[in-house]
Amino acid sequence: MENEEIKKEEAVEEATKEEKKAKKKEECLKQQCSLLEAEIAKLKEESANWKNKYYEAYADLDNTRKALQKDHENMLKYRAQGFVENMLQPLDSFDMALRNEPKDEVLKNYLKGFKMIYSQFQKVLADESVTEVDPKVGEPFDATKMHAIQTIKGEQDDLVASVYVKGYYLKDRLIRPAMVVVTKKEIEEEKSEEEKKD
C-alpha cells in the first residue's frame with residue numbers, strides 16, 4: 001500500500017509539476033503576446049505615420065503640378081507681353097505724329113502711308129488680344145486703368161481733362177495705364193469765401 005501511496009504522491013507531484021509548467025508556459029505566452037501586441041501597435045503607428053507623410057507628399061506634388069500648369073498657361077496666355085511693351089513707345093510716336101495734319105500735299109501722301117502702317121500695327125496687336133485704354137475728355141477718372149500725371153483746376157473733381165498717352169490691355173492684364181490729366185475743384189476759393197464771411 002505504501003507503494004501505491006508513493007505512486008499516488010508521485011503522480012500528484014508530477015501533475016503539480018505539469019500544471020506549474022503549463023502555467024509558466026501560459027505566462028510566457030501571455031508575455032510574448034503582450035510584447036507582440038505592443039510591437040503590432042508600434043508598427044501600426046509607424047504605418048499610419050508613413051501613410052500620412054505619403055499623403056502629404058502626394059498633395060504637395062499635386063499642388064506643385066497644378067501651380068506649374070497654371071504658370072505654363074499664364075506664360076502661354078501672356079507670351080507677347082514683352083513684345084507689346086516694347087512696341088508701345090513706337091505706337092505712341094505714331095499716334096502723336098498722326099494727330100498733326102500737315103499742310104503740304106506731299107506730306108499728306110506720306111501721312112496716308114503712315115496711317116496704313118499704323119493700322120497694320122493695330123491689327124497685329126488686336127490679333128494678340130491687345131486692346132487700347134483710350135479715355136475721352138470729360139470721362140470720370142478710373143484709377144484701375146488710368147494714371148493721373150497732373151491735376152488742373154476744373155468745375156468737378158476727377159474728370160479726364162486730357163489724355164497724354166493711351167493705355168493698353170493684353171487680354172485681361174493691364175500692361176500700361178492711360179496717362180491722363182485730371183481736374184480738381186478749386187478748394188482755396190471756397191475757403192477764402194468762408195473766411196470773408198467770418
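Higher on the page you've got the structure.
Please read all numbers here as calculations on a predicted model, not as lab measurements.

Cut-offs applied
- Each chain carries its own residue numbering, running from 1 in the direction its sequence is written.
- For a predicted model such as this one, the threshold for reporting local features is a pLDDT of at least 70, and the threshold for listing and counting side-chain atom pairs is 80 or more; totals across whole chains, interfaces and linings nevertheless cover every residue.
- Hydrogens and waters are ignored; side-chain quantities use all the structure's heavy atoms.
- Salt bridge, as applied in this entry: a Lys or Arg side-chain nitrogen positioned within 4 Å of an Asp or Glu carboxyl oxygen.
- Helix numbers and strand numbers start at the N terminus; a helix is a DSSP run of H or I with at least 4 residues, a strand a run of E with at least 2.
- Each residue is assigned to one of three classes by its accessible area relative to the maximum for its type, calculated with a 1.4 Å probe on protein chains only: buried under 20%, partly exposed between the two thresholds, exposed over 50%.
- In short, DSSP must find at least two bridges between two strands for them to pair.
- Comment: axis = line fitted to C-alpha atoms, over the contacting stretch for helices; angle = value between 0 and 180 degrees taken between N-to-C directions.
- For a helix, the expected span equals 1.5 Å multiplied by the number of residues minus one.
- Contacts between residues were defined by any pair of non-hydrogen atoms, one from each residue, lying within 4.5 Å.
- Here the word oblique covers every angle except those under 35 degrees (roughly parallel), over 145 (roughly antiparallel) and from 65 to 115 (roughly perpendicular).
- We call a crossing left-handed when the near helix sits turned anticlockwise from the far one by less than a right angle, and right-handed when that turn is clockwise.
- Residue polarity is assigned by list, with Asp, Glu, Lys and Arg as charged and Ala, Val, Leu, Ile, Met, Phe, Trp, Tyr, Cys and Pro as nonpolar; anything else, Gly included, falls into the polar class.

**Student:** Would you take a moment to explain the pattern of salt bridges for this structure?
**Tutor:** A pair can form between side chains of opposite charge whenever their charged atoms are brought close. This model, assessed by the stated rule, comprises 14 salt bridges. Here R79 ties to E128 by a salt bridge, and the two come within 3.7 Å at their closest N and O atoms. With R79 in the loop between helix 1 (2–77) and helix 2 (81–99) and E128 in the loop between helix 3 (105–127) and strand 1 (130–133), this pair connects stretches of sequence that are 49 residues apart. Given the relative accessible area of 57%, R79 is considered exposed. Accessibility expressed as a relative area gives 28% for E128, which makes it partly exposed. One network of salt bridges, in which partners are shared, links D95, R99, E132 and K166.

**Student:** Just to check I follow, could you spell out the sheet that holds strand 3 (residues 160–165) for this structure?
**Tutor:** In a beta sheet, neighbouring strands pair by backbone hydrogen bonds and run either parallel or antiparallel. Read across the open sheet, the three strands follow the order 2-6-3; overall the sheet is mixed. Edge positions in the sheet fall to strand 2 (146–154) and strand 3, since each has one partner strand and no second. Here the strands of the sheet are splayed against their neighbours by 25° on average, with no regard to which way each runs. As paired elements, strand 2 and strand 6 (residues 178–185) share eight bridges and run parallel to each other. Along strand 6, the bridge assignment pairs T151 with V182.

**Student:** Explanation requested: the sheet that holds strand 4 (residues 167–170) in the structure shown.
**Tutor:** Read across the open sheet, the three strands follow the order 1-4-5; overall the sheet is antiparallel. Strands with a single pairing partner mark the edges of an open sheet, and in this sheet they are strand 1 and strand 5 (173–176). The mean inter-strand angle of the sheet, taken between neighbouring strand axes irrespective of direction, is 35°. Pairing analysis gives three bridges linking strand 4 to strand 5, with the strands arranged antiparallel. Each bridged residue has a counterpart across the sheet, and for L170 the counterpart in strand 5 is R173.

**Student:** Looking at this structure, how should I read the environment of Q122?
**Tutor:** Inspection of the secondary structure puts Q122 in helix 3. A residue is classified by how much of its surface remains accessible, and Q122, at 30% relative accessible area, is partly exposed. The spatial distance from the C-alpha of Q122 to the C-alpha of L91 is 8.7 Å, given a sequence separation of 31 residues.

**Student:** In this structure, what is going on with helix 3? I would like to understand it.
**Tutor:** An α-helical turn contains 3.6 residues, so a residue and the one three or four places further along point in the same direction. Under the 1.5 Å per step criterion, the end-to-end length of helix 3 is 33 Å for 23 residues, consistent within 8% with the ideal 33 Å. Here helix 3 has its buried residues at L111, Y118 and L125. As for helix 3, its buried residues are in contact with helix 2 and strand 1. S129 occupies a position one or two residues after helix 3 and carries a positive phi of about 65°.

**Student:** Would you mind going over the packing of helix 2 against helix 3 with me for this structure?
**Tutor:** Two quantities define a packed helix pair, namely the angle between the helix axes and the distance between the axes. Axis separation between helix 2 and helix 3 bottoms out at 11 Å; the angle between their running directions is 150°. When the axis of helix 2 is compared with that of helix 3, the two are roughly antiparallel. Here helix 2 runs over helix 3; the crossing is left-handed. Seen from helix 2, the contacting residues are V84, M87, L91, F94, D95, A97 and L98; seen from helix 3, they are L111, F114, K115, I117, Y118, F121 and L125. The class makeup of the residues in the contact of helix 2 with helix 3 is twelve nonpolar, no polar and two charged.

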